[in-house]
Amino acid sequence: MIAQNIGFAIIAAVMIIAAVRVVTTSNVVHAALWLVVVLSGVAAQYILLAAEFVAVTQVLVYIGAVMVLFLFGTMLTRSRIGRDSGLNNTYWKLGIPVALVLFAAMAVALVNSFGDERMPTDDNIVSTQQVSDQIFGPYLLPFWALSFVLLAAVIGAIVLARKD
Amino acid sequence: MLVNQFLLLAAVLFCIGVYGVIARKNAVLVLMSIELILNAVNLNFIAFALRNGSTDGHTFALYVIAIAAAEVGVGLGLVLLVYRNRKTISLDDLSEMKG
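Keep in mind it's a predicted model, so treat the numbers as computed, not measured. (Residues numbered from 1 in each chain as written. Chains lettered and ligands numbered in written order. Predicted model: local features only at pLDDT ≥ 70, side-chain atom pairs only at ≥ 80, totals over all residues. Heavy atoms only, no water.)

Quick notes on the packing of helix 2 (residues 28–48) of chain A against helix 2 (residues 27–52) of chain B
Point 1. Running from amino to carboxyl end, helix 2 of chain A crosses helix 2 of chain B at an angle of 5°, the nearest separation of the two axes being 11 Å. As summarised for this structure, helix 2 of chain A and helix 2 of chain B are arranged roughly parallel, according to the angle between their axes. Residues A:Val28, A:Ala31, A:Ala32, A:Leu35, A:Val38, A:Leu39, A:Val42, A:Gln45 and A:Tyr46 of helix 2 of chain A pack against B:Leu29, B:Met32, B:Glu35, B:Leu36, B:Asn39, B:Asn42, B:Leu43 and B:Ile46 of helix 2 of chain B.
Point 2. Within the contact of helix 2 of chain A with helix 2 of chain B, the residues separate by chemical class into 13 nonpolar, three polar and one charged. (Axes fitted to C-alpha atoms, helices over the stretch in contact; angles between N-to-C directions. Helix = DSSP H or I, 4+ residues; strand = E, 2+ residues; numbered from the N terminus. Parallel < 35°, antiparallel > 145°, perpendicular 65-115°, else oblique. Contact = heavy atoms within 4.5 Å. Nonpolar A, V, L, I, M, F, W, Y, C, P; charged D, E, K, R; others polar.)

Structure below.
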């Protein structure tokens, strides 16, 4: 238990620092690389939460595919690769109070609702087999719909980005 | 492990993402902030799956990951299109819908 909490604290601190750097850095490529740190931290938290299949999917899809898309997007839109001062809005300071108020509201709600409730000890760990039974059983129709969404997104992206 | 430590971490990530969406002007950076928000939601799904001992959270998290991948693909396609027509991806310059 102690080891889990220490691991959580270290990963959470790294994630929060990296997330703040994503939204404050003045270099688009650095923002993408900090985002990799955040996404790896999320995958590590999934493993702490005993969701190994979701963690592997997170690494494959987000760190593998989505990050390559972001770097290609940066390259093809010819954003400045180095430092760039024009990344923020004129009214970017407005975001700070909005984020703080939102966090305060959520923190109050969470502390009131869950207090110091503990995670159950590991007698009901969800296995990957159960997840697949669920996806290809009761959630089969959403799975089909999802494959059509992905197909439409692929075709749509090609049509949008095509020349002429 | 407390339930709240994961939920509060997700809340922090969510708020940082909201700040990014408000503060950033570059369209690619706004998409990255949206990814932060989606990951915060996924972390909540998995935390509640462990708390309730249920598989539904895992299933939904996988679906959210797939939808996020589709969203990034279409979003970056739109950004490329805007860049080709305007030679800029600054969201402040796309103001035709302003009254």
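Here we look at the confidence of the model for chain B
Point 1. Overall, the prediction assigns chain B a mean pLDDT of 89, with 99% of residues at 70 or greater.
Point 2. When the elements of chain B are averaged for pLDDT, helix 3 (residues 56–86) of chain B gives the smallest value, 90, and helix 1 (residues 3–23) of chain B the largest, 94. (pLDDT = per-residue confidence, 0-100.)

Concerning the interface of chain A and chain B
Point 1. Counting residues at the interface gives 83 residues for chain A and 68 residues for chain B.
Point 2. Put simply, chain A and chain B have one salt bridge between them.
Point 3. The shortest N-O distance in the salt bridge between B:Arg51 and A:Glu117 comes to 2.6 Å.
Point 4. At the boundary of chain A with chain B, the tally comes to 16 residue pairs in polar contact (both at pLDDT 80 or more).
Point 5. Only helix 1 (2–24), helix 2, helix 3 (52–76), helix 4 (95–114), helix 5 (128–135) and helix 6 (140–161) of chain A provide two or more residues apiece to the side of chain A that touches chain B.
Point 6. With 12 residues, the top contributor of residues to the side of chain A that touches chain B is helix 3 of chain A. (Salt bridge = Lys/Arg side-chain N within 4 Å of Asp/Glu carboxyl O. Polar contact = N/O pair within 3.5 Å; in protein donor to acceptor, adjacent residues only side chain to side chain.)

Remarks on the packing of aromatic side chains
One pair of aromatic rings is described through two measures. These are the centre distance and the angle between the planes.
Point 1. Going through the model one piece at a time under the given rule, you end up with five aromatic pairs over all chains.
Point 2. Geometrically, the ring pair formed by A:Tyr139 and B:Phe60 is edge-to-face, given 5.7 Å between the ring centres and 80° between the ring planes. Note that A:Tyr139 is positioned in the loop between helix 5 and helix 6 and B:Phe60 in helix 3, a pairing that runs across two chains.
Point 3. Judged by its relative accessible area of 35%, B:Phe60 falls in the partly exposed class.
Point 4. Site record: aromatic cluster; members linked through ring pairs are A:Tyr139, B:Phe45 and B:Phe60. (Phe/Tyr/Trp six-rings, centres within 6.5 Å; stacked < 30°, edge-to-face > 60°. Buried < 20%, exposed > 50% of the residue type's maximum accessible area, 1.4 Å probe, protein only.)

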